Amino acid sequence: MDCIFCKIVKGEIPSKKVLENEKFLAFYDINPSAPVHILIIPKEHYENFSTTPSEIFCEISEFIKEVAKEVKVKDYRLITNNGKSAGQEIFHFHIHLLSNPNGKLKWPKLV
Ligand code: 5GP
Ligand code: ZN
């Protein structure tokens, strides 16, 4: 069965899209942790960073730069939660792009 993000890729679950190409999709997080909170995913399903081929990671980095341009943010934070105890809830590889264009992002203690 498809995961939530595979369903978003297929359009079976609606999302607020930022940018897409044949391989990658960027859409707004449903429960934002910052004024700009975008999720960037490969359309193909990989469980997380650990199981994503390096070539895909390389390509997604270029796509992320396009996403940042698209939403006109210069300063931003990229996060990927790799595994349950690292905070991963959706097991389809994704990178969080977080930004606070009119202020600063906190750098909280995580434990
Ligand atoms: P994780 O904890 O796996 O790193 O991040 C999963 C993220 O997906 C969370 O920030 C959560 O708010 C977001 N999310 C979960 N379900 C949906 C959904 O159906 N639509 C969108 N746009 N975001 C979702
Ligand atoms: Zn998936």
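Scroll up for the structure.
Residues numbered from 1 in each chain as written. Chains lettered and ligands numbered in written order. Predicted model: local features only at pLDDT ≥ 70, side-chain atom pairs only at ≥ 80, totals over all residues. Heavy atoms only, no water.

Caption draft 1: Focus on the pairing of strand E2 (residues 24–28). Burial analysis of E2 places four of its five residues in the buried class, which makes it a mostly covered element. Here three bridges tie strand E1 (residues 17–20) to E2, and the two strands are oriented antiparallel to one another. The residue of E2 that forms the bridge with Glu20 is Leu25. Counted along the chain from E1 to the antiparallel partner E2, the turn is three residues long. (Buried < 20%, exposed > 50% of the residue type's maximum accessible area, 1.4 Å probe, protein only. Helix = DSSP H or I, 4+ residues; strand = E, 2+ residues; numbered from the N terminus. Pairing = 2+ DSSP bridges.)

Caption draft 2: Region of the structure containing unusual backbone geometry. Of note, the phi angle at Lys72 is positive, near 60°, even though the residue is not glycine. Take Lys72: it is sitting in the loop between helix H2 (54–70) and strand E4 (77–79). Residue class for Lys72 comes out exposed when judged on its relative accessible area of 73%.

Caption draft 3: How the structure looks around the site of ligand 1. The immediate surroundings of ligand 1 are formed by 16 residues, with Asp29, Gly87, Glu89, His94 and His96 found nearest. The backbone of Tyr28 places a nitrogen or oxygen atom 2.9 Å from a nitrogen atom of ligand 1. Within the backbone of Gly87, an N or O atom sits 2.8 Å from an oxygen atom of ligand 1. Surface burial for ligand 1 is 85%, taken as the share of its 520 Å² of free accessible area covered by protein chains. Where the shell around ligand 1 is concerned, the elements lending two or more residues are helix H1 (4–10) and E2. Broken down by element, the residue count for the shell around ligand 1 peaks at three residues, all from H1. In terms of residue class, the shell around ligand 1 is made up of eight nonpolar, six polar and two charged. (Near = heavy atom within 4 Å. Polar contact = N/O pair within 3.5 Å; in protein donor to acceptor, adjacent residues only side chain to side chain. Areas by Shrake-Rupley, 256 points an atom, 1.4 Å probe, with all protein chains shown as cover. Nonpolar A, V, L, I, M, F, W, Y, C, P; charged D, E, K, R; others polar.)

Caption draft 4: Broad picture of the sheet that holds strand E3 (residues 36–42). Read across the open sheet, the five strands follow the order E1-E2-E3-E5-E4; overall the sheet is antiparallel. Of all the strands in the sheet, the pair left with one neighbour each is E1 and E4. Geometrically, the sheet is characterised by an average inter-axis angle of 20° between neighbouring strands, direction not taken into account. Two strands pair when backbone bridges link them, and E2 and E3 are joined in this way by five bridges, in the antiparallel orientation. (Axes fitted to C-alpha atoms, helices over the stretch in contact; angles between N-to-C directions.)

Caption draft 5: Structural view of the side chain of His96. With respect to the secondary-structure elements, His96 resides in strand E5 (residues 95–99). For His96, a relative accessible area of 12% corresponds to the buried category. A distance of 2.8 Å separates a polar atom in the side chain of His96 from a polar atom in the side chain of His37. A distance of 3.5 Å separates the side chain of His96 from the side chain of His94, its partner in a polar contact. The contacts of His96, once residues within four sequence positions are left out, are Asp29, His37, Ile38, Leu39, Arg77, Leu78, Ile79 and Asn81. (Contact = heavy atoms within 4.5 Å.)

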